[in-house]
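# Observations on the model geometry
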Amino acid sequence: MKYKSDEVRIEVWGPFACFTRPDLKVERVTYDMMTPSSARNMVQSIYWHPGVRYEVTQIDVLNPVKRIQLMRNEIKSKTMSGRVISKAVRGEPMYINTEDDIMQRSSVILKDVHYCIHVKLHMTDKANPSDNLVKFTDVLTRRARKGQCYYPLYFGCKEFPAYFRLVEEGEEIHPIAQSCDLGMMLYDMDYANTKDIKPAFFMASLDHGSMHLKDVRLYK
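The rules behind each value
Residues numbered from 1 in each chain as written. Predicted model: local features only at pLDDT ≥ 70, side-chain atom pairs only at ≥ 80, totals over all residues. Heavy atoms only, no water. Helix = DSSP H or I, 4+ residues; strand = E, 2+ residues; numbered from the N terminus. Buried < 20%, exposed > 50% of the residue type's maximum accessible area, 1.4 Å probe, protein only. Contact = heavy atoms within 4.5 Å. Areas by Shrake-Rupley, 256 points an atom, 1.4 Å probe, with all protein chains shown as cover. Lys, Arg positive; Asp, Glu negative; His and termini not counted. Charge placed at Lys NZ, Arg CZ, Asp CG, Glu CD. Polar contact = N/O pair within 3.5 Å; in protein donor to acceptor, adjacent residues only side chain to side chain. Pairing = 2+ DSSP bridges. Phe/Tyr/Trp six-rings, centres within 6.5 Å; stacked < 30°, edge-to-face > 60°. Salt bridge = Lys/Arg side-chain N within 4 Å of Asp/Glu carboxyl O. Core = buried A, V, L, I, M, F, W, Y, C linked by side-chain atoms within 4.5 Å. Patch = residues over 30% accessible without salt bridge, like charges linked within 9 Å, V, L, I, M, F, W, Y side chains within 5 Å.

## A closer look at the overall build of the protein chain
Of the regular secondary structure elements, the protein chain holds 4 helices and 9 strands. Ordered by position in the sequence, the α and β elements of the protein chain form the string β-β-α-β-β-α-α-β-α-β-β-β-β. Oriented by its inertia axes, the alpha-carbon framework of the protein chain measures out at about 55 × 45 × 35 Å. Buried positions account for 40% of the 220 residues belonging to the protein chain. Long-range contacts, defined here as pairs at least 24 residues apart, represent 75% of the contacts in the protein chain between residues at least 6 apart. Total accessible area on the protein chain is roughly 13100 Å²; 52% of this is exposed by carbon and sulfur atoms. Between the averaged position of the 32 positive side-chain charges in the protein chain and that of its 28 negative side-chain charges there is a distance of 5 Å.

## Focus: the side chain of Ser106
Mapped onto the fold, Ser106 is located in strand β5 (residues 102-123). Among the polar contacts made by the side chain of Ser106, one reaches the side chain of Gln69 at a distance of 2.7 Å. In this structure Ser106 touches Glu27, Arg28, Gln69, Leu70 and Met71, once residues within four positions along its chain are discounted.

## A short note on the pairing of β5
Regular strands have side chains that alternate between both faces of the sheet. The pairing of strand β1 (residues 7-17) with β5 spans 10 bridges and is antiparallel. Across the sheet, Glu7 pairs through a bridge with Lys120, a residue of β5. Strand direction decides the pairing type here: strand β2 (residues 28-29) and β5, joined by 2 bridges, are parallel. Within β5, the position partnered with Val29 by the bridge is Val108. Pairing analysis gives 9 bridges linking strand β4 (residues 67-75) to β5, with the strands arranged antiparallel. Opposite Ile75, over in β5, you have Ile102 as the bridge partner.

## Remarks on the packing of aromatic side chains
According to the stated counting rule, one finds 8 aromatic pairs in the structure shown. Relative to Phe160, the ring of Phe16 has its centre 6.2 Å away and its plane inclined at 50°; by these criteria the two rings are tilted. In this pair, Phe16 is assigned in strand β1 and Phe160 in the loop between α4 (133-146) and β6 (163-167), connecting sequence segments 144 residues apart. Residue class for Phe16 comes out partly exposed when judged on its relative accessible area of 29%. Assessed through its relative accessible area of 7%, Phe160 is described here as buried. Centroid distance Tyr47 to Tyr150: 6.4 Å. Interplanar angle 35°. Geometry classified as tilted. Taken together, the residues Tyr47 in the loop between α1 (36-46) and β3 (52-61) and Tyr150 in the loop between α4 and β6 connect sequence positions 103 residues apart. Tyr47 gets classed as buried once you look at its relative accessible area, which sits at 6%.

## Here's the deal with the pattern of salt bridges
Across all of its chains, the model carries 13 salt bridges by this definition. Here Asp23 and Arg21 are joined by a salt bridge, their closest N and O atoms 3.3 Å apart. We note a salt bridge from Asp131 to Lys135, for which the minimum N-O separation is 2.6 Å. The class of Asp131 is buried, set by a relative accessible area of 7%.

## Side note on the nonpolar core
Ranked by internal contacts, the top residues of the largest apolar core, which has 47 residues, are Val12, Met34, Tyr115 and Phe155. Elements with a minimum of two residues in this core: β1, α1, β3, β5, α4, β6, β7 (180-190) and β8 (198-206). Of all the elements, β5 adds the most residues to this core, at 7 residues.

## Some remarks on a nonpolar patch on the surface
Taken together, the side chains of Trp48, Tyr150 and Tyr151 present a nonpolar region at the surface, about 360 Å² in accessible area. Topologically, Trp48 is positioned in the loop between α1 and β3. What makes Trp48 partly exposed here is its relative accessible area of 47%.

Written out as structure tokens, the structure is:
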């Protein structure tokens, strides 16, 4: 069955999620719902091609927002690229001793998350002459319908797996009946200048359970 709409809807759900706020660095605190960049990455996990760009136009919240607090084991150290190169040159072993580096941190995460992602496809200048939007839409919908993905989907952190399915045309989705302001939220990273990658933020809000993302004003 071919998808005739110019927008594709993908339903995602899972037991936990953590869309970490960048303004809180010591402890992980999640946004109240999925960020547009996380939604885009999920779609790219299903199908990625240099000739297509995904624009997330809307995110529907299908389950009430639930937060829980828990302790997680994390590592204090970071693996720096310069340190890896120097050790490789000297022939020294590279590892992180978790017994020395492990530490517990408190995290505020989401529970029982359920969303519907609306995504629109756009061609890029890297597309082949034989490529077109109908072809890319067919591939994306076919893979989503079969549950195929290039790598497992997750909600913010890799220990929080996400499940997905294609929402067929004409199928009704019922968001929660909640409207509220969500404050400043991360929209995506701006890769226009690869030597100076900057985050882009926007004022997020829910309108009867849906976050509308068309023509939002970005702050960099």
